[in-house]
Amino acid sequence: MMILKTKYEFGRHETFSLREGWLDKGLNRVMTHPEGYRPDLEAADELGLGSRMAKSLAYWLDATSLVDRASGEARKKSGPPASKLGKLVHATDPHFEYSVTAWFVHLMLARRRGSVWNWFFNDFRSHSFARDSCIEEFGRHLREHALNQTTLGVVQREVACLLSTYAALPANEPVDPDDVTVSPMRSLALLVKHHNTGRFEKTQPLDAIPVEAFLACVALLASDAGSWTLPLSDLIALRNAPSKLLNLDGDRISETAQIAVETYGDEGVKLSLLGSVRTITLPQLSAESWYAKHFRRIGVH
């Protein structure tokens, strides 16, 4: 079978993991400056970042789909504008205080084709692993699937950035309040680092995932598949499915799908049985629409 190869991106984060407070500061600059966010000295000074950190922030804004990718001559003199999601986040959660925002940022990041994030959540099957095995597996994946090959050092840096961005401490270990490298992605508890062994573990989220984040994940999957009715088994098996991006097992997917029907059944979300196959049907809404619905449901406008 011929393997379809993908061009991978390396190093655009400048080795800096996503930091707490970066996205809201960067998005605020995009929304309040005519030139948007450009990683120049003025922006770096205003945000209190070094030059490489400023470049890293430009990547994170792009990788999380809070800005639209720059294209054309007109964009060379300014940074990319805010995306539809970016505008919604700035309007409803400008300080990134609600967990749903972190979930949507994660969805966009984990779906980013040709990235270590997309590989980790879709292709790396180990639930408990050492750093070296993660590096080895990502390197092997790149050798087989990447159009552009790279060095071991680059692979190590990509995995280091991934682990630093997502790996939280277990609930019984105190968080250092002075740790400036804390990432908002750690609050999702999708990955835990056990200091006593040095190993990492993929985990199901302890807290309930906002139903709108689940529905956004399914909506993106349905759009990929070209059908707004999907077997529940697809929510486990397909690439970028909730089982993979949200670390949910079959039982949690069934439970969350039922909650989705109870919450949005009058808007077209339904579960059906076609023969022996359980299916979920969604209205043709974008992921951004589900983000907006979350805030309407909880009474924040």
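That block above? That's the structure.
Residues numbered from 1 in each chain as written. Predicted model: local features only at pLDDT ≥ 70, side-chain atom pairs only at ≥ 80, totals over all residues. Heavy atoms only, no water.

Enquirer: Provide a residue-level description of the overall build of the protein chain, including the pertinent values.
Expert: A tally of helices and strands in the protein chain yields 13 helices and seven strands. Rg of the C-alpha trace for the protein chain: 19 Å, near the compact-globule value of 19 Å for 301 residues, within the 12% margin. A buried classification covers 48% of the 301 residues belonging to the protein chain. Contacts in the protein chain between residues at least 24 apart in sequence constitute 65% of all its contacts with a sequence separation of at least 6. As presented, the protein chain carries roughly 14600 Å² of accessible surface, and 52% of it is formed by carbon and sulfur atoms. Counting 35 positive and 36 negative side-chain charges, the protein chain places the centres of these two groups 7 Å from one another. (Helix = DSSP H or I, 4+ residues; strand = E, 2+ residues; numbered from the N terminus. Rg over C-alpha atoms; globule rule 2.2 N^0.38 Å. Buried < 20%, exposed > 50% of the residue type's maximum accessible area, 1.4 Å probe, protein only. Contact = heavy atoms within 4.5 Å. Areas by Shrake-Rupley, 256 points an atom, 1.4 Å probe, with all protein chains shown as cover. Lys, Arg positive; Asp, Glu negative; His and termini not counted. Charge placed at Lys NZ, Arg CZ, Asp CG, Glu CD.)

Enquirer: Would you mind going over the pattern of salt bridges in detail, with residue names and values included?
Expert: If the charged atoms of two oppositely charged side chains come close together, the side chains can form a pair. According to the stated counting rule, one finds 14 salt bridges in the structure shown. For Glu-136, the salt bridge identified is with Arg-140, shortest N-O distance 3.1 Å. With Glu-136 and Arg-140 both in helix H7 (residues 131-145) and four residues apart, this pair spans about one turn of that helix. A relative accessible area of 29% means that Arg-140 is categorised as partly exposed. With a closest N to O distance of 2.3 Å, Glu-267 and Lys-293 form a salt bridge. Residue Glu-267 is found in the loop between helix H12 (250-264) and strand S6 (270-274), and its partner Lys-293 is found in helix H13 (residues 287-298); the two are separated by 26 residues along the sequence. One salt-bridge network, in which partners are shared between bridges, spans Glu-9, Arg-12, Asp-62 and Arg-112. (Salt bridge = Lys/Arg side-chain N within 4 Å of Asp/Glu carboxyl O.)

Enquirer: Describe the side chain of His-106, listing the residues and the values that go with them.
Expert: Within the secondary structure, His-106 is located in helix H5 (residues 99-110). The class of His-106 is buried, set by a relative accessible area of 0%. Residues contacting His-106, with those up to four places away along its chain left out, are Phe-121, Tyr-166, Met-185, Leu-188, Leu-190, Leu-245 and Leu-246.

Enquirer: Got a sec to walk through the sheet that holds S6? Specific residues and values, please.
Expert: Ordered in space as S5-S7-S6, the three strands form an open sheet in which the pairing is antiparallel. Each having just a single partner strand, strand S5 (229-231) and S6 make up the two edges of the open sheet. Pairs of neighbouring strands in the sheet enclose a mean axial angle of 30°, with direction left out of account. Of the strand pairs in this sheet, S5 and strand S7 (residues 277-281) are connected by three bridges, and their pairing is antiparallel. Counterpart to Pro-231 in the pairing with S7 is Thr-279. (Pairing = 2+ DSSP bridges. Axes fitted to C-alpha atoms, helices over the stretch in contact; angles between N-to-C directions.)

Enquirer: Lay out the packing of aromatic side chains with the relevant residues and their values.
Expert: Counting across every chain of the model gives 18 aromatic pairs. For the ring pair Phe-124 and Phe-129, a centre distance of 4.9 Å and an interplane angle of 80° mean the geometry is edge-to-face. Residue classification places Phe-129 among the buried residues on the basis of a relative accessible area of 1%. Joined through ring pairs, the aromatic side chains of Tyr-8, Phe-10, Trp-119, Phe-120, Phe-121, Phe-124, Phe-129, Phe-138, Tyr-166 and Phe-200 make up one cluster. The ring of Phe-120 carries Lys-202 above its face, with NZ or CZ at 4.4 Å from the centroid. (Phe/Tyr/Trp six-rings, centres within 6.5 Å; stacked < 30°, edge-to-face > 60°. Lys NZ or Arg CZ within 6 Å of the ring centre and 35° of its normal.)

Enquirer: I'd love a proper account of the pairing of strand S4 (residues 199-202), names of residues and values included.
Expert: The alternating pattern of S4 places Phe-200 and Lys-202 on a buried face and Arg-199 and Glu-201 on a face that is not buried. Of the pairings in the sheet, the one linking strand S1 (residues 128-129) to S4 comprises two bridges and is antiparallel in character. Residue pairing across strands places Phe-129 opposite Phe-200, the latter belonging to S4. With four bridges joining them, strand S3 (residues 191-194) and S4 adopt antiparallel strand pairing.

Enquirer: If you had to explain the environment of Ser-133 to someone new, which residues and values would you point to?
Expert: Inspection of the secondary structure assignment puts Ser-133 in helix H7. Residue class for Ser-133 comes out partly exposed when judged on its relative accessible area of 28%. Spatially, the C-alpha atom of Ser-133 lies 33 Å from that of Ser-51, the residues being 82 residues apart in sequence.

Enquirer: How would you explain helix H3 (residues 51-63) if you had to name every residue and give the values?
Expert: Counted at 1.5 Å a residue, the expected span for H3 with its 13 residues is 18 Å, and the 19 Å between its end C-alpha atoms agrees. All of the buried residues in H3 are Ala-54, Ser-56, Leu-57, Tyr-59, Trp-60, Leu-61, Asp-62 and Ala-63. Contact partners of the buried residues in H3: helix H1 (22-32), helix H2 (41-47), H5, helix H6 (116-122) and helix H8 (152-166). (Expected span 1.5 Å × (residues − 1).)

No statement about biological role is implied by the geometric values presented.
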